[in-house]
Structure formats: structure tokens, C-alpha cells
Amino acid sequence: MMATAAGRPAEKRKHSMGIEMRFMLSFSIIIVTLMATIIYWVEDRQSSTLLEQTERRGTAVAQSIASVVKTSLLSYDFVSLQQAAETSADGEDVLYVIILTKENVVAAYSGRAHLQGRQLSDAVSEAAQQASRPMIQKMERHNLGLVGVPHLDIAVPVHVEGTPVQWGTVRIGLSLAELQRTTAQTLKTLLLLGLAAFTMVLLAARFLSRKVTGPLEKLARATAAVARGDLEQSVNDKLFGELGDLATGFNQMTADLKQSQDAIKYQNQHLENIVSLR
């Protein structure tokens, strides 16, 4: 009996700690899931927005080049076209500029003048040559192995008003390095903010869980003491909600038990006195 009674407080404390741990674990899972969802949504939205802006800017640059080189393209002035390609390639984030004739022959290639007069037969080039409207292809690296960074290959057909003929194509490679740096920085910031928020929420959850499990541990110890016959036990009943009701009920129960025990002792003493008088 002694071993059983002594083991009860430890068993109760273990059960109370189990409640706290389950509460903390559940709260952590909810917070981590919520933060991961928010981070993914923000990062995805930012990446989509930045990519859309980059595509619009790249298309505008390619169209601007096409309008400038139109005359030289009509006259097959490869020298002027090469100069225009080199000048345009100096623009921000522009990796290369390719100008094709209507026969899909390279009229100019920034940094690769030796490719003039050749036809580009890779899949990306063939798709760009067949484009009758602006075409954007996302590349991890240049198909010719000349560019090793992720970029957009933007092709814009060159048309002359009054003629249905497509007189050529202007292609530019627009780097995505800055976009990726911005996205990575945003992701890093979100992760740091998420970690800080998770830590603060976890500490708050720990504090709140102790507000619940602390009184339960005290109640468990007091209950074990009452089970051993100690009816002088009482717990703080100035608690919120059901915990306060539970503590009040325990104190009332203990007081009733003590009153009943005192009444029994009084009756026993009274009977003993009557017996002794006889």
C-alpha cells in the first residue's frame, strides 16, 4: 500500500508533463505549418511578380532594338548590325544580342562576330526563328554553352509596315541573376522572421501551458496527500475558468471530508465516554 500510494504522485506528475508536452508539440506543428505556408506563398508571389516584370522589360528592350536595326536589316548591313548588337549588349542584365535575317542567318551576335552568316540549329534557336510574335524561353544556361547563368531568351520578330514579310528576328538574353538574388534575400529574411516569430510564440505557448499544467500538478499532489489521509490539504482556487471550478470543488470536498472525519471522531469519543461511565 505504501509503495502504491508513494508512486501515485510521480505517476500524476508524469501524466501532467505528458499533457504539457503534447500541447507544445501540437502548437509547434501548427505554427511551423502556418509559417511554411506563408513563406511559400510570399516567395512564390514575389518570384512570379519579378519574373513578369523582367519579361516585360526584356520584351520592351528587344522591340526597341528591332525598331533601331530595321533599316540596316533591310539592307543587310552586317557591320552596322554587329555594332548595334554590341552596343545593346552593354545594357543592364543583357547577356547577348542576336540579330537574324529573314533567312534565319546570323547577321549579328554580340561578342561572337565569327558566327555571322551561320544558321543556329539548336532547339531554342529554331523555336525563336519560327516565332511570329514575341516569344520568351526560360533557360538555365545558353544553348550554345556561351552563357552559364539562368536567363530569359526573348525573341521579337522584325516587321516593316505595309509588307507581310517578317524581315528578321531580334533575340536577347536577359539575366535572371538579380531576380534570383532578390528572391533569395527575401526568402532569407522571411526565414529569419519566421524563426523569431516561432520562438516568441513557442515561449508564449510554454508560459500558457504552464498556467494550465502547473495547477494540475499541485492538485495531483494534494489529491495524493488526501488519499494518504492528510485532510489539511488545500489548493489555490483563484484560477480562471474550469481550473478555478476544479480547485474550488477540491477544497470543498476536502473540507467536507475533514468535517465528516471530525464528526466521526466526536461520535466515537462520545461513545467511549458513555461506555466508561457504565
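Residues numbered from 1 in each chain as written. Predicted model: local features only at pLDDT ≥ 70, side-chain atom pairs only at ≥ 80, totals over all residues. Heavy atoms only, no water.

> Describe the nonpolar core, with residues and values.
Core analysis: the largest hydrophobic core is formed by 23 residues, its most contacted members being V69, L81, V97, I99, I154, V170 and I172. Only helix 1 (2–74), helix 2 (78–88), strand 1 (94–101), strand 2 (106–109), strand 4 (151–159) and strand 5 (166–175) provide two or more residues apiece to this core. Considering each element in turn, this core owes the most residues, 5 residues, to helix 1. With residues near it in sequence (within four places) discarded, I99 still touches V69, L73, L81, A85, V105, V106, A107, A108, T169 and V170. In terms of nonpolar packing, the next biggest core, distinct from the first, is built from 7 residues, Y96, L100, Y109 and L120 among them. (Core = buried A, V, L, I, M, F, W, Y, C linked by side-chain atoms within 4.5 Å. Buried < 20%, exposed > 50% of the residue type's maximum accessible area, 1.4 Å probe, protein only. Helix = DSSP H or I, 4+ residues; strand = E, 2+ residues; numbered from the N terminus. Contact = heavy atoms within 4.5 Å.)

> Any chance you could break down the environment of Q180 for me, citing the residues and the numbers?
With respect to the helices, strands and loops of the structure, Q180 is situated in helix 4 (residues 177–227). Each C-alpha atom of the pair Q180 and L50 lies 9.4 Å from the other, and the pair is 130 residues apart in sequence.

> An account of the sheet that holds strand 2 is needed here, citing residue identities and associated values.
The strand order 2-1-5-4-3 describes an open sheet built from 5 strands, whose pairing is antiparallel. Edge positions in the sheet fall to strand 2 and strand 3 (135–139), since each has one partner strand and no second. Each neighbouring strand pair of the sheet contributes to a mean axis angle of 15°, computed without reference to strand direction. Across 5 bridges, the pairing between strand 3 and strand 4 is antiparallel. Of the residues in strand 4, the one forming a bridge with Q137 is D153. Against the sheet, helix 2 touches strand 1 and strand 2, its axis set at about 35° to strand 2. (Pairing = 2+ DSSP bridges. Axes fitted to C-alpha atoms, helices over the stretch in contact; angles between N-to-C directions.)

> Describe in detail the environment of I99, supporting the description with residues and values.
Along the chain, I99 falls in strand 1. For the pair I99 and F78, spaced 21 residues apart in sequence, the C-alpha to C-alpha distance is 9.5 Å.

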